[in-house]
Amino acid sequence: MGEKKLMKGNEALAEAMIRAGCDAYFGYPITPQSEVLEYLAREATRRTGMVILQAESELAAINMIYGAAGCGKRVMTTSSSPGISLMQECLSYIASAQLPCVLANVNRGGPGLGTIQPSQGDYFQAVKGGGHGDYHLFVLAPNSVQEMVDFVKLGFEIAEKYRTPVMLLADGAIGQMMEKVELFPQMERVKTAPDWATTGRKHGVDRTYITSLFIQPEKMEMINMGLQAKYKTMQEKEVRVQTLNCDDAEYLFTGYGLGARICMKAMELGRLKGYKIGLVRPITLFPFPIKTYSDLAPKLTGILDVEMNAGQMVEDVKLAVEGKTRVEFYGRMGGIIPTPEEILEHFEKIYIDGGRK
Amino acid sequence: MSEQIFQVEDNLCSPENLVYKRPGALLDVDFHYCPGCGHSTTHKLLMEVVEEMGIESDIIGVAPVGCSVFAYHYLNVDVQQAAHGRACAVATGIKRVMPEKLVFTYQGDGDLAAIGVAETIHAANRGENIMVIFINNGIYGMTSGQMAPTTLPGMVSTTSPFGRDVKTQGYPLVIAEVLKLLPGAAYITRQAVNTAAHVRRTKKAIKTAIEYQQKGLGFCMVEVVSNCPSNWKMTPVESNNFVEEQMIPYYPLGDIKVPEVK
């Protein structure tokens, strides 16, 4: 059993970074995740020698990540929505140059400067690429402080296995709330670097270089095909999804992260009233659990997708069910968190009362 | 007679007479640079220094976006290609996790003095222990001749077709003099590659900057006032004369800041 603590989501995330043997963190303060840098500044260097640097901007921070990741080091950054937008250019470079790294988006309400309250408005940006060109981040959606910890470790495993950038798509509530967490033991920092890393030219061979520039279209297409093959493998092997009460379900609540956690309560309330509601929570948003939805769809009366946005993941749910069942959406925007009661009320209005009329 | 000349040339090419060669740290690949361009000269100088100091395995470079975007095709040292303007941030990332290595960026004026000014100033201000080679030719070469932050007043470019009007397009940015003010900047020098004498001084400056980095003195920048025959619409010789007569008066050569303790 690991050490148990009561921790704030952002601090647990920072603690997990230290314990995962992370070599460096480069970041820039932004609400609601500034505790990450603050915690690391207090704790990290003295405990593991981890490099902590407050960059002059999110642009600089993510490019420092590029440089350090290119040296084969285990590196991470965090930010919140406007800051993540600034990082998109370099994330495209990182995906193309195939550098492993982990970043977390503690999503706040937008668009624009928006609000500092929790939101899931960045789903499209996280899951559909975000920057220019054909690429994806591997996206994990924690729904608890515990998963903020666990997904740091898992994130590095995926990032290094596939040489790909991994994003933890959290939100301001998960970042700010306190819960009991079980921490994994301190891991050793890895001393060796992979062959592709720029660590100084090796004796007797030509230099190593890291680039995302492939000026010949034939070469660029090959790079793209390689990326797509990698995404296909992820789709086959790395999908993670939580299902609850699906065996007898006539209806499905679905959502991710905090939205899904609220849906769990709404499902319980619905079950008490006799509605056979199940729940599907994608843990990986990319790769998306397409098969889970398509297998369940034929026996369902309908799905209610709940998100803290205007309806983003619902598009992927609709693609996954391919019209085999009805898909409805309920969401709140601008930093408002829906209550289980209002979700159930909305469900009844659509599927129960509406059905009777 | 002709036989005798052949004999002389043959002797000249023998190893003991060799006084000039392609540095081994430069890959045996033809440069894509235009004839007469200062990039080729500066690449060669940099790799001569690397070879002479025997630091091929100890140095990691960062290539910019601009004409020297393909620097890693020529420099036989480990290199990362950075996003436009972000070379100093990438170099910071490298140096912070590999402090035992020598790190340099190689950037043009658009990359360093326009889009990358924040990264450059903050890297200097933090005293990042890196070397920046800054090629200032007053023009965007790769995108075919647009105005740069360092384009001289009145100088014609494709985006200042009537000459740079400082009232609307601002003044040439003297980035070296700006960086001089920062305590984290250890060594700021401005050199050129338009004459043989300037080439020799540039090489010395690059070596000095690397030595300062070895001593951990802080941020070092070697600005190289260079040319762009193709986009200046000049012959190489005319462009070198333009450097001497127009560029250097605006960007005076020499050490702008040297470390107090050497």
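Quick notes on the rules
- Residues numbered from 1 in each chain as written.
- Chains lettered and ligands numbered in written order.
- Predicted model: local features only at pLDDT ≥ 70, side-chain atom pairs only at ≥ 80, totals over all residues.
- Helix = DSSP H or I, 4+ residues; strand = E, 2+ residues; numbered from the N terminus.
- Rg over C-alpha atoms; globule rule 2.2 N^0.38 Å.
- Buried ≥ 20, exposed ≤ 12 C-beta atoms within 10 Å, placed from the backbone.
- Pairing = 2+ DSSP bridges.
- Axes fitted to C-alpha atoms, helices over the stretch in contact; angles between N-to-C directions.
- Contact = placed C-beta atoms within 7 Å.
- pLDDT = per-residue confidence, 0-100.
- Parallel < 35°, antiparallel > 145°, perpendicular 65-115°, else oblique.
- Nonpolar A, V, L, I, M, F, W, Y, C, P; charged D, E, K, R; others polar.

How should I be thinking about the overall build of chain B in this particular structure?
When its secondary structure is counted, chain B shows ten helices and nine strands. Taking 262 residues into account, the globule formula puts the C-alpha radius of gyration at 18 Å, and chain B, at 19 Å, falls close to it. On the principal axes, the C-alpha backbone points of chain B span a range of 65 × 50 × 30 Å. Each of the 262 residues in chain B was classed as buried or not, and the buried ones make up 53%.

Whenever I open this one, the sheet that holds strand β2 (residues 78-81) of chain B confuses me. Can you help?
Sheet strands line up and pair through hydrogen bonds in the backbone, either parallel or antiparallel. Pairing is mixed in the open sheet, where eight strands are placed in the order β9(A)-β2(B)-β1(B)-β3(B)-β4(B)-β8(B)-β7(B)-β9(B). Every interior strand has two partners, whereas the edge strands, β9 (209-210) of chain A together with β9 (254-257) of chain B, have only one. The pairing of strand β3 (residues 102-108) of chain B with strand β4 (residues 131-136) of chain B spans five bridges and is parallel. Looking at the pairing, Gly108(B) lines up with Ile135(B) of β4(B).

Please explain the sheet that holds strand β14 (residues 302-307) of chain A as it appears in this structure.
Residue and element names in this part refer to chain A. As summarised here, the arrangement of the five strands in space is β10-β12-β11-β14-β15, forming an open sheet in which the pairing is mixed. Both outer strands of the open sheet, β10 (241-244) and β15 (326-331), are each paired with one neighbouring strand and no more. In this sheet, adjacent strand axes meet at a mean angle of 20° when their direction is disregarded. Helix α9 (residues 257-272) rests against β10, β11 (251-254), β12 (277-282) and β14 of the sheet, and its axis sits at about 170° to β12.

Help me understand the confidence of the model for chain B in this model?
Regions with low pLDDT should not have their predicted coordinates read in detail. Here chain B averages 94 in pLDDT, and 94% of its residues register 70 or above. For this predicted complex, the interface score ipTM comes out at 0.96, alongside a pTM of 0.96.

Got a minute to help me understand the packing of helix α3 (residues 87-97) of chain B against helix α5 (residues 117-125) of chain B in this structure?
In a packed pair of helices, the relevant descriptors are the angle between the two axes and the axis-to-axis distance. Residue and element names in this part refer to chain B. Where α3 contacts α5, the axes come no closer than 7 Å and their chain directions differ by 40°. As summarised for this structure, α3 and α5 are arranged oblique, according to the angle between their axes. Only Glu-119, Thr-120 and Ala-123 of α5 make contact with α3, whose side of the interface consists of Cys-88, Ala-89, Ala-91 and Thr-92. Among the residues forming the contact of α3 with α5, the class breakdown is four nonpolar, two polar and one charged.

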